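Overview (structure and organization)
Below, each chain spelled out in residue letters.
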Amino acid sequence: MLKATLRSFFAHKGRLLLSALAVILSVAFVAGSLIFSDTVTRTFDRLFASTSADVTVGPKEGVSGNLPSGVVETVPATLAERIDEVDGVAATHVDAAVENITIVDRNNDPVGPTTGAPTIATNWYVTERSPVKLTSGREPRGAAEALLDKDTADNKRVRIGDTLTVLAQPGSFKVEIVGIATFTTTNPGAALVFLDTPTAQTALLGRPGVATTISVDAAPGVSDAVLKERVAAAVGDAYELKTADEQAESAASQLGGFLDVIKYVMLGFAGVAVLVGVFLIVNTFSMLIAQRTRELGLMRALGADRRQVRRSVLIEALLLGLVGATLGLATGIGLAAGLIELMGLLGMNLSAAEMVVGWATPVSAYVVGVGVTFLAAYLPARRAGRVSPMAALADVEVAGVGRPLRVRAVAGALVGAAGAAALAGCATSNDTSSAASLLGLGVVLTLIATVVAGPLLVRPVIRVLGGAFPRVFGSVGRLSQRNALRNPRRTGATAAALMVGLALVGGLSVASASMAQSFDDQIDKTLGADFVVQNSNFLPFPKEITEKVRGVDGAGLVVRQRFAPLEIRLPDGKRVETTAAGYDRELDEIARVTYADGDTPAALASGSIAMDRKFAEEHGLALGATLPVTFPGERAAELKVAALTDQDAPSGPGMEGGLFLGLGTVEEYLPGGQDAALYVNAAPGTDVQQLREGLEAALDPYPQVQVRDQADYKELIRDQIAVMLRLVYGLLALAIIIAVLGVVNTLALSVVERTREIGLLRAIGLSRRQLRRMIHLESVVIAVFGALLGLGLGLVWGLAVQQVLALEGMKALAVPWPTIVAVVAGSVVVGLAAAVLPALRAARMNVLAAIAHE
């Protein structure tokens, strides 16, 4: 049996090729994501471990919030002198480093990364742990000199002697580049500019005598933990102390979010590839077993029992899984190397020579590759075990074409009813978390029900889809329709792979279009300003920008917005870290706020705060209640709930509760903050377009901010949604590619199965061109069938998702009909493309050899 199994496997290796491709893709994304994330993690662990001081003393870590306020927490620089006297301290260094800056060249073009990595300005000093070394020029001296890192200098073509402008919180200033510093470790993609210490303190932090942290080096023989205890005893508990390991761990945890995004996106690709690949593998083995009915019957006649036949098929599946996993692992290593090179182009210089392939990577690769293939082949293997020895005497299939589909009908109806009930519960729920859970359950159950009951829909739907074929294409059209109807199980399984990807496309298209429409409606409803001056990523900007805007001719009212990270302690015992928005008192002039209780003057009064009515009700708050609040720097406050809003609008990112308060209150607890947006109205008699031109001219030296009107603001939101969608559509494109492989494989195996039939058709006059057309039409009708199932299911999912979004204020429903039509048209193209090779192979068959085929 083992010899027969191996011979069978190698005899059918060509037919198994496309199934192997699905396994290879699945394993490649699993292995590639693990290798890449392990490599980046190891690289940065070494970076943080090699550059962290033995002990770092900084301000107490408190509320971080989700959106920055622009406030830089500092400690007294004189703290270094006190620490110097501690036993076991070898040296101390004052650090003055900030990330809330922008650097521009003489053309006002940004000098720094555009990929999301920070631009960091810090003071220059050299230790054995410094991440850079001076490789050309000299160190900075005085207020008008700076160093720049070599990677940024090369990318932006900055040379020694060039003048750059640094846009910092206290104000902008010009520096001459007097030296270039080269990274001695991995460059995380940031741009670094170095100033001397007095300049960094005054120009970056706003005043002399302060520091962001104090770095402490231990004397030989003194451990970091012991030194931390001694320093803590000297400075008291007003500061945060971290050892090198703790500092490295903190830095790595901040990086972890970025790595997790990449890792889970790639694992998402792998998951979709696995799901769609399962359909392909099941279909392939089902067809191979159907075509080998006589062969399996002969085995049974020669003495093989059911268990041996079943085991034979499963061994073939294991061999396929082993080959696919091995090739997938190799492909995954190549994929990881490609990602490392891509990161290099984006500014993060990783070394492919230091690629990390941990033990978990090959184990995961083989578990996925072998496990998925084995499980997918189990049902076909069971069918193979049921082949009777009498099958050797007749040319019959084991696929059970004639078996009724009653069991599928009952199972599909039960699972579908449960899924529909879950989606209905999602639509009627008033709690977001419950609705989301019901949505997930409903999506899974309706997907399973559609896959199970899909063959039941084949005959009625394809009769309609292919109804015009006989009239348009004559006998060829009739044959193609009947071929698609011949085996509903096979057609349903082939279409199911395509259905999964297109169902997700349909659902996400409806969800994204509804989100975009909701934001559009909300902008129309609430934004009353002529223009908004804002950073594209909501980061705050220097105060001098506000002064520039106020000085523009024709600028009337200017209302500032500032973010305030805070932690609130709610009456129900919960502590929530969120971000409140602070506004000037003229808020009503640039925004339309709907209140359930209270008004804008009350909300923006000193010591007051406003919040969303639903949030207040959920947590037991009422108008007039006192809310304990903690701002960054452990600044505690008791704020009065002075207004409740009923905006019925989506909360911004990281702004749970819709909290806002007056700028006076923000400045009281977060002095020195930066504005995050300016809402500008034209002065009476000023042309709006003329004001825009004036604003853009005044802000030309500040490329980090843009001037937007309502239409621009809508486009910004839509672009942000589009970025997410492109990523998801890329993932789903992989699913559709694998589904196309499934259609190709099904048609190719179907051609082999119908070799004799094709020979007879050719013998009685069917031309090669007609034969190719017949297979193309069969492929198209299967692809369109899968597309319609997928889009129908996706529209249901999209409607359910919109109901969940409505609970978060996004109540508009939008169906992107152009996308739907494009998907249906694309499925026709998919069907035509998938049929090219099988049709070509069928047309090249020798007629006499085909008729004689057994």
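Numbering of residues starts from 1 in each chain and follows the order in which that chain's sequence is written. In keeping with the predicted nature of the model, local features appear solely for residues at pLDDT of at least 70, side-chain atom pairs appear and are counted solely at 80 or more, and the whole-chain, interface and lining totals rest on all residues. Hydrogen atoms and water are omitted, and side-chain values are computed over all heavy atoms in the structure.

**Some words on the overall build of the protein chain**
Only DSSP runs of H or I covering at least 4 residues are called helices, and only runs of E covering at least 2 are called strands; the numbering of each starts at the N terminus. Helix and strand counts for the protein chain come out as 27 helices and 23 strands. Here the C-alpha coordinates of the protein chain stretch approximately 95 × 65 × 50 Å along the principal axes. We call two residues in contact whenever any of their non-hydrogen atoms come within 4.5 Å of each other. Of all intrachain contacts in the protein chain linking residues separated by at least 6 positions in sequence, the fraction that spans at least 24 positions is 83%. Exposure was quantified through the Shrake-Rupley algorithm and a 1.4 Å probe, taking into account, for residues, occlusion by the shown protein chains and nothing else. If you sum the accessible surface of the protein chain, you get close to 36700 Å²; carbon and sulfur atoms cover 58% of it. Of the side-chain charges in the protein chain, 74 are positive and 79 negative, and the distance between the mean point of each set is 21 Å. As used throughout, the charge tally considers Lys and Arg to be positive and Asp and Glu to be negative, leaving His and the chain termini uncounted. A single reference atom marks each charge: NZ on Lys, CZ on Arg, CG on Asp, CD on Glu.

**Remarks on the side chain of Thr212**
Within the secondary structure layout, Thr212 lies in the loop between strand E11 (210-211) and strand E12 (213-218). Pairs of N or O atoms are called polar contacts if they sit within 3.5 Å, as long as, within protein, a hydrogen donor faces a hydrogen acceptor (for residues adjacent in sequence, only side-chain-to-side-chain pairs). Here the side chain of Thr212 touches Ala97 through a polar contact of 3.2 Å, landing on its backbone nitrogen. Setting aside its immediate chain neighbours within four residues, Thr212 contacts Gly58, Pro59, Val72, Glu73, Val75, Asp95, Ala96, Ala97 and Leu205.

**Thoughts on helix H10 (residues 360-385)**
Here, expected helix span is obtained from the residue count minus one, scaled by 1.5 Å. An ideal rise of 1.5 Å per residue puts 38 Å on 26 residues; H10 measures up with 35 Å between its terminal C-alpha atoms. Values of bend correspond, residue by residue, to the angle between axes fitted over the seven residues ending at that residue and the seven starting there. A maximum bend of about 40° is found in H10 at Tyr378, where proline Pro380 lies one to four positions downstream.

**Overview of a positive patch on the surface**
For patch detection, residues must exceed 30% relative accessible area and be free of salt bridges, and they are connected within 9 Å for like charges or within 5 Å for nonpolar side chains (Val, Leu, Ile, Met, Phe, Trp, Tyr). Salt bridges are counted wherever a side-chain nitrogen of Lys or Arg sits within 4 Å of a carboxyl oxygen of Asp or Glu. Positive charge collects at one region of the surface, where Arg768, Arg769, Arg772, Arg773 and Arg844 lie side by side. With respect to the helices and strands, the residue Arg772 is situated in helix H24 (residues 768-807).

**Re the pairing of strand E16 (residues 575-583)**
Residue exposure (1.4 Å probe, protein chains only): buried if accessible area is under 20% of the type maximum, exposed if over 50%, otherwise partly exposed. Burial within E16 is extensive, with 7 of its 9 residues counted as buried. Where strand E15 (residues 555-569) and E16 come together, 9 bridges link them in antiparallel fashion. Bridging from a neighbouring strand, Glu567 pairs with Glu577 of E16. Note on pairing: DSSP must find at least two bridges between two strands before they are called paired. When E16 meets strand E21 (residues 660-662), the two strands line up parallel, connected through 3 bridges.

**Some words on the nonpolar core**
The set of buried Ala, Val, Leu, Ile, Met, Phe, Trp, Tyr and Cys residues whose side-chain atoms join them within 4.5 Å is what this entry labels a nonpolar core. Core analysis: the biggest nonpolar cluster contains 41 residues, and Val276 and Ile462 have the highest contact counts within it. Those elements giving two or more residues to this core turn out to be helix H7 (244-291), helix H11 (406-428), helix H12 (432-465), helix H14 (475-486), helix H15 (488-526), helix H22 (710-753), H24 and helix H25 (817-834). The dominant element in this core, judged by the number of residues it contributes, is H24, at 12 residues. The residues touching Ile462, leaving out its near neighbours within four places in the chain, are Leu457, Gly467, Gln481, Ala484, Leu485, Thr491, Val781 and Phe785. Leu16, Ala31, Leu288 and Ala381 belong to the second largest nonpolar core, which has 33 residues in total.

**So, a nonpolar patch on the surface**
Together, Leu318, Phe374, Leu375, Tyr378 and Leu379 make up an exposed nonpolar region whose accessible area comes to about 460 Å². Sort the elements by how many residues they give to the nonpolar patch and H10 lands first, with 4 residues. Within the element layout of this structure, Phe374 appears in helix H10. For Phe374, a relative accessible area of 30% corresponds to the partly exposed category.

**Focus: the environment of Pro131**
Note that Pro131 resides in the loop between strand E5 (119-123) and strand E6 (132-137). A relative accessible area of 28% places Pro131 in the partly exposed class. Leave out the neighbours within four places in its chain, and Pro131 touches Thr51, Thr182, Phe183, Thr184 and Thr185.

**Notes on the side chain of Ser608**
Tracing the sequence through the fold places Ser608 in strand E18 (residues 608-612). Owing to a relative accessible area of 7%, Ser608 belongs among the buried residues under this scheme. When sequence neighbours within four positions are dropped, the list of residues in contact with Ser608 reads Ala602, Ala603, Leu639, Lys640, Ala642, Leu661 and Thr665.

**A short note on the packing of helix H9 (residues 306-345) against H10**
To characterise two packed helices, one gives the angle between the axes of the helices and the distance between these axes. For helices, the fitted line uses only the C-alpha atoms of the stretch in contact; every axis is such a line through C-alpha atoms, and the angle between N-to-C directions lies from 0 to 180 degrees. For the pair H9 and H10, interaxial distance at closest approach is 7 Å and the crossing angle is 150°. By the angle between their axes, H9 is roughly antiparallel relative to H10. Note that H9 runs across H10; the crossing there is right-handed. Roughly parallel refers to an angle under 35 degrees, roughly antiparallel to one over 145, roughly perpendicular to one between 65 and 115, and oblique to any angle outside these ranges. Take the far helix as your reference; a near helix turned counterclockwise from it by less than a right angle gives a left-handed crossing, and one turned clockwise gives a right-handed crossing.

**Considering the sheet that holds E12**
Taken together, 4 strands build an open sheet; the order of strands is E3-E12-E1-E13 and the sheet is antiparallel. In this open sheet, the two edge strands, each paired with only one partner strand, are strand E3 (89-95) and strand E13 (239-243). Recorded for the sheet is a direction-independent mean angle of 20° between the axes of neighbouring strands. Examined bridge by bridge, E3 and E12 share 6 bridges and lie antiparallel to one another.

**Some thoughts on the pairing of E15**
Extensive coverage of E15 is indicated by the burial of 11 of its 15 residues. Both E15 and strand E22 (residues 677-682) contribute to a ladder of 5 bridges, which runs antiparallel. Bridging from a neighbouring strand, Arg560 pairs with Leu678 of E22. Counted along the chain from E15 to the antiparallel partner E16, the turn is 5 residues long, and its residue Gly573 has a positive phi close to 95°. Bridge count between E15 and strand E19 (residues 626-631): 2 bridges; the pairing is antiparallel.

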